[in-house]
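Structure at a glance
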Amino acid sequence: MSYECQDLQSAANDESYPLEERDEAAEQLEQLAEDGDAYAQYIIGTAYRDGGLLIPDTVKAQKLLERAAEQDLEVAQYALGKLYLSDDADMHDPAKGIYWLKRSADNGNDYAAYRLGKEYLSGKNTLNNPERAAEYVRTAAEQGNPYAQYLLGRLYLGGNGVPQDKDAAYDWLSLIHISEPT
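Residues numbered from 1 in each chain as written. Predicted model: local features only at pLDDT ≥ 70, side-chain atom pairs only at ≥ 80, totals over all residues. Heavy atoms only, no water.

**A few points about the environment of Gln 31**
For clarity, the cut-off: In this description a helix means any DSSP run of H or I spanning at least four residues, a strand means any run of E spanning at least two, and both kinds are numbered starting from the N terminus. Classification of residues uses two cut-offs on accessible area relative to the type maximum, computed with a 1.4 Å probe and protein chains only: under 20% is buried, over 50% is exposed, and between them is partly exposed.
Mapping Gln 31 onto the fold places it in helix H2 (residues 19-34). Relative accessible area serves as the criterion here: at 44%, Gln 31 is assigned to the partly exposed category. Residues Gln 31 and Lys 82, spaced 51 residues apart in sequence, show a C-alpha to C-alpha distance of 25 Å.

**Examining the pattern of salt bridges**
Worth spelling out the cut-off: Should a side-chain nitrogen of Lys or Arg be within 4 Å of a carboxyl oxygen of Asp or Glu, the pair is scored as a salt bridge.
By the definition in use, this model includes 4 salt bridges. One salt bridge in this structure joins Asp 50 and Arg 49, with 2.6 Å as the shortest N-O distance. Between Arg 103 and Asp 72 there is a salt bridge, and its shortest N-O distance comes to 2.7 Å. Linking Arg 103 in helix H6 (residues 94-106) with Asp 72 in the loop between helix H4 (58-69) and helix H5 (74-85), this pair joins segments that are 31 residues apart in sequence.

**Thoughts on the packing of aromatic side chains**
Condition: Between the rings of Phe, Tyr and Trp (Trp by its six-membered ring), a pair exists once the centres lie within 6.5 Å; its type follows the angle of the planes, with under 30 degrees stacked, over 60 edge-to-face, and the other angles tilted.
Inspection of every chain in the model, using the stated rule, returns 4 aromatic pairs. The interplanar angle of 80° and the centroid separation of 5.0 Å between the aromatic rings of Tyr 99 and Trp 100 together place this pair among those described as edge-to-face. When its relative accessible area of 41% is taken as the criterion, Tyr 99 is described as partly exposed. Measuring from centroid to centroid gives 5.9 Å for Tyr 120 and Tyr 136, while their planes differ by 5°, and the two rings are stacked. Of the two residues, Tyr 120 is situated in helix H7 (residues 110-122) and Tyr 136 in helix H8 (residues 130-142); the sequence distance between them amounts to 16 residues. Across the pair, Tyr 136 and Tyr 120 agree in class, each one buried.

**Let's talk about helix H3 (residues 38-50)**
In an α-helix, one turn spans 3.6 residues; hence positions three or four apart end up facing the same way. Heads up, the condition is: A helix is expected to span 1.5 Å for every residue after the first. Contacts are assigned to residue pairs with any non-hydrogen atoms lying within 4.5 Å of each other. A 3.5 Å cut-off defines polar contacts: any pair of N or O atoms within that distance qualifies, except that in protein one atom must be a possible hydrogen donor and the other a possible acceptor, and neighbouring residues in sequence count only when both atoms are side-chain atoms.
For H3, with 13 residues, the first-to-last C-alpha span of 18 Å sits near the 18 Å given by 1.5 Å per residue. Among the residues of H3, those classed as buried are Ala 38, Ala 40, Gln 41, Ile 43, Ile 44, Gly 45, Thr 46 and Tyr 48. Against helix H1 (3-13), H2, H4 and H5 lie the buried residues of H3. Between the side-chain oxygen at the start of H3 and the backbone nitrogen of Tyr 39 there is a gap of 2.9 Å, and the oxygen is on Asp 37. Residue Gly 51 follows H3 closely and has a positive phi angle near 80°.

**Describing the nonpolar core**
Operational definition: Here, nonpolar core means buried Ala, Val, Leu, Ile, Met, Phe, Trp, Tyr and Cys residues that are tied together by side-chain atoms lying within 4.5 Å of each other.
Residues Leu 116, Leu 152, Leu 155 and Tyr 156 are the most contacted members of the largest nonpolar core, which totals 25 residues. Listed by contribution, the elements that provide at least two residues to this core are H5, H6, H7, H8, helix H9 (146-158) and helix H10 (166-173). Once residues within four sequence positions are removed from consideration, Leu 155 is found in contact with Leu 121, Ala 134, Val 137, Asn 160 and Val 162. Residues Ala 25, Ala 26, Ile 43 and Leu 64 belong to the second largest nonpolar core, which totals 16 residues.

**Topic: the side chain of Thr 46**
In this fold, Thr 46 is placed in helix H3. In this structure Thr 46 comes out as buried when scored by relative accessible area, which is 12%. Apart from the residues lying within four places of it in its own chain, the contact partners of Thr 46 are Leu 65 and Ala 79.

Structure, rendered in structure tokens:
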């Protein structure tokens, strides 16, 4: 991410700044997005998706996230996949959602791999396939994703998509670090 894009993102999200300055930063980010900056497209796309500084607009979010995703920005691919798998009736497209999650996972996004694993386990947006689910969950777990490590441990405990193996389950579950409340 360019320094300019990073600086503008910080200014747009800093609630201690006056609203006019935050609006100006958002406008400059939108201009960067229009000029083809993938990170700016992702930032503004998620801002339109989530609301806050910008009025939510899923159509604008989709267009911006697609532009960034097509430039192989894995976080944008993940965000776009989630948007297509959301409950928003205007956006819901399981085939596109799975496609973008796969692209993101192939580009190293552990959250996308974890989400794909959950999708293949549930069978809600794709065919139920515990073996494929376990492959994606393992990929995310090996990248250090604690949610995937927990889920992979549970899969080994129950023998779901993998052979039942209590030792492997213990190994994966023992990697999870839970913080004590302060």
